[in-house]
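Architecture and fold: a report
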Amino acid sequence: MNYIYGNKDEENKLLDRFCRYVKIWSESDGKAADEGVFPSTERQWDLAKVLVKELRNLGTRNVYLTDYCYVVAKIDSNIVDPEERKKYPTILLMAHMDTVDEVTGENVKPVISILSDAESPTGQADTIVKSDGTTLLGADDKAGVSAIMAAVEYLMNHYEDENLKHGPIEVMFSPDEETGHGMDKVPLNILKADFAVTADGGDEGELEAECFNAWACTIKFTGKACHTGSAKAGGMVNAVTLAGAFAAGLPRDMAPETTENYEGFIAPMEITGSIESASVDMLLRSFNIEEIEKDKEIIKNTADRITGKFGGSYELSFKQQYLNMKEKLDQHPEIMQRLEQAYKDSGVRVRKQPIRGGTDGSRLTELGIPTPNIFSGAHDFHSRNEWLSLNQCAKAADVLINLLTQKVK
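Keep in mind it's a predicted model, so treat the numbers as computed, not measured. (Residues numbered from 1 in each chain as written. Predicted model: local features only at pLDDT ≥ 70, side-chain atom pairs only at ≥ 80, totals over all residues. Heavy atoms only, no water.)

**Here's the deal with the overall build of the protein chain**
A count of helices and strands for the protein chain gives 12 helices and 16 strands. Taken over C-alpha atoms, the radius of gyration comes to 23 Å for the protein chain, in line with the 22 Å a tight globule of 409 residues would show. Long-range contacts, defined as pairs at least 24 residues apart, comprise 77% of the intrachain contacts of the protein chain with a sequence gap of at least 6. Carbon and sulfur atoms make up 48% of the accessible area of the protein chain, which amounts to about 17,800 Å² in all. Taking the average place of the 45 positive charges on the side chains of the protein chain and the average place of its 66 negative ones, the gap between the two points comes to 2 Å. (Helix = DSSP H or I, 4+ residues; strand = E, 2+ residues; numbered from the N terminus. Rg over C-alpha atoms; globule rule 2.2 N^0.38 Å. Contact = heavy atoms within 4.5 Å. Areas by Shrake-Rupley, 256 points an atom, 1.4 Å probe, with all protein chains shown as cover. Lys, Arg positive; Asp, Glu negative; His and termini not counted. Charge placed at Lys NZ, Arg CZ, Asp CG, Glu CD.)

**Regarding the environment of lysine 319**
Counting through the fold element by element, lysine 319 comes out in strand β12 (residues 313-322). Taking C-alpha positions, lysine 319 is 37 Å from leucine 55, a pair spaced 264 residues apart along the chain. Other than its neighbours up to four places away in sequence, lysine 319 contacts His181, Ala214, Trp215 and Ala216.

**Considering the packing of aromatic side chains**
Under the counting rule described, the total for this entry stands at 9 aromatic pairs. Seen from their ring centres, phenylalanine 212 and phenylalanine 265 are 5.4 Å apart, and the 85 degrees between their planes marks the pair as edge-to-face. One end of the pair, phenylalanine 212, is in the loop between β8 (206-208) and β9 (213-222); the other, phenylalanine 265, is in strand β10 (residues 265-273), and 53 residues separate them in sequence. Among the aromatic residues, ring-to-ring pairing joins Phe212, Tyr262, Phe265 and Phe287 into one connected group. The ring centre of tryptophan 25 lies 4.0 Å from the NZ or CZ of arginine 43, which sits over that ring. (Phe/Tyr/Trp six-rings, centres within 6.5 Å; stacked < 30°, edge-to-face > 60°. Lys NZ or Arg CZ within 6 Å of the ring centre and 35° of its normal.)

**Brief notes about unusual backbone geometry**
Note that the residue after phenylalanine 38, namely proline 39, is joined by a cis bond; omega there is -10 degrees. Omega for the bond connecting aspartate 140 with aspartate 141 falls within 30 degrees of zero, at 10 degrees, which places this linkage in the cis form. Mapped onto the elements, aspartate 141 comes out in helix α5 (residues 139-157). Backbone geometry at asparagine 107 places phi at a positive 60 degrees, although glycine is not the residue there. Positive phi, normally seen in glycine, also occurs at aspartate 176, with a value near 60 degrees. Here aspartate 176 lies in the loop between β6 (169-174) and β7 (195-199).

**What about the sheet that holds β12?**
Ordered by their spatial adjacency, 4 strands build an open sheet running β10-β11-β9-β12, and the pairing between neighbours is antiparallel. Looking at strand neighbours, the two that pair on one side only are β10 and β12, the edges of this open sheet. Strand-to-strand twist in this sheet, taken as the mean axis angle between neighbours without regard to direction, amounts to 20 degrees. Of the pairings in the sheet, the one linking β9 to strand β11 (residues 277-286) comprises 10 bridges and is antiparallel in character. Along β11, the bridge assignment pairs threonine 222 with serine 277. (Pairing = 2+ DSSP bridges. Axes fitted to C-alpha atoms, helices over the stretch in contact; angles between N-to-C directions.)

**Topic: the pattern of salt bridges**
Counting across every chain of the model gives 20 salt bridges. Glutamate 153 is the partner of arginine 17 in a salt bridge, and the nearest nitrogen-oxygen pair spans 2.5 Å. In this pair, arginine 17 is assigned in helix α1 (residues 8-22) and glutamate 153 in helix α5, connecting sequence segments 136 residues apart. Owing to a relative accessible area of 6%, arginine 17 belongs among the buried residues under this scheme. When its relative accessible area of 14% is taken as the criterion, glutamate 153 is described as buried. Between lysine 326 and aspartate 330 there is a salt bridge; the shortest N-O distance is 2.7 Å. Note that lysine 326 and aspartate 330 are positioned in helix α9 (residues 326-330) at a spacing of 4 residues, about one turn of the helix. (Salt bridge = Lys/Arg side-chain N within 4 Å of Asp/Glu carboxyl O. Buried < 20%, exposed > 50% of the residue type's maximum accessible area, 1.4 Å probe, protein only.)

**Re the pairing of strand β5 (residues 126-130)**
Most of β5 is tucked away, with 4 of its 5 residues classed as buried. Note that strand β4 (residues 111-115) and β5 share 5 bridges and pair antiparallel. Its bridge partner being in β5, isoleucine 114 is matched across the sheet by threonine 127. Sheet analysis places β5 next to strand β16 (residues 387-389), joined by 3 bridges and oriented antiparallel. Opposite isoleucine 128, over in β16, you have serine 389 as the bridge partner.

**What to know about the side chain of serine 40**
Looking at the element boundaries, serine 40 is found in the loop between α2 (30-34) and α3 (44-58). Classification of serine 40 as buried rests on a relative accessible area of 8%. Only 2.9 Å separates the side chain of serine 40 from the backbone nitrogen of aspartate 29, close enough to count as a polar contact. Looking at serine 40, its side chain comes within polar contact range of the side chain of aspartate 176, at 2.7 Å. (Polar contact = N/O pair within 3.5 Å; in protein donor to acceptor, adjacent residues only side chain to side chain.)

Next comes the structure, spelled out in structure tokens:
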């Protein structure tokens, strides 16, 4: 069944909601998050407070705004018969409020275009939303937030509808997903879900139950400073040179811009420093956890080769960020079966694929709540070219409604 898609009033409400959300600056800060600041930016509270107010106005109960900026709301089952109620699991819907700090999300100006079949990037008449090109759009993941809120509003407005019976529903919007710290302070004590779903994917039909194993790595090079005019005689070792040569010395075929599908990568993200001390921050990603250990050896061998050539020394540190959720989700095949049926009921063709990244669901799965990921209609994440398909976002909302109203067979 379609509830939002094709219903012009509901689609217009969804579009208005999305445009309001992207105008709220909620960018997170990776460096602050790594230093233990949570949430990493005060501005994330601005969107959180808007969502709390809207959820309360919709009539959801037990709306929480935790001390760490998580928005949690609960919707009671609308089924009176306790025996029938048992046929519906408790499902948690999740999306993240923050936007990435790689491209500014301040002062977003959404540009709306109504396109024909021939003009639309989706191949059918669609409403497309972009930024004005000076910022990202924020569809990652305000598209997911919007789809969830649209589904919640529809179910609350049809709470007495006998054709829309559902079990208990939980909703959570999290901060700091983009920094990799989104589940650091998750309020597990108030969540009762049998399983969860994140709406943090892209193109229509994407359904994801596996992701990267993820580590962060920092290598700190120590050089020897002296006056540049007498650097040769003084035995200068330039740590900036070490850091640059190290980054250039990593295998080119393991760079993220040369990999795809199930291929992992080593990604230098930032170089900072001076002659005496310089650091390179990196991301390690692989679907196979054994390959992460090989990546660590590649990094060490590259650093040994560089310091052997130029002198100086280095220190390495590695930190696990999240693990591939596939193994744990494979233990619960009924979850994916329910989602595939919800896609079918919404007229959406399933396209299973791995996430070349991670979601809050990756961490939540580790913490004991299995959490696959669905599409949201967002495209070209983390760039000034980011855009939203309203059709696809509406379809995502319909998938969620069909999932929530689906009985256990």
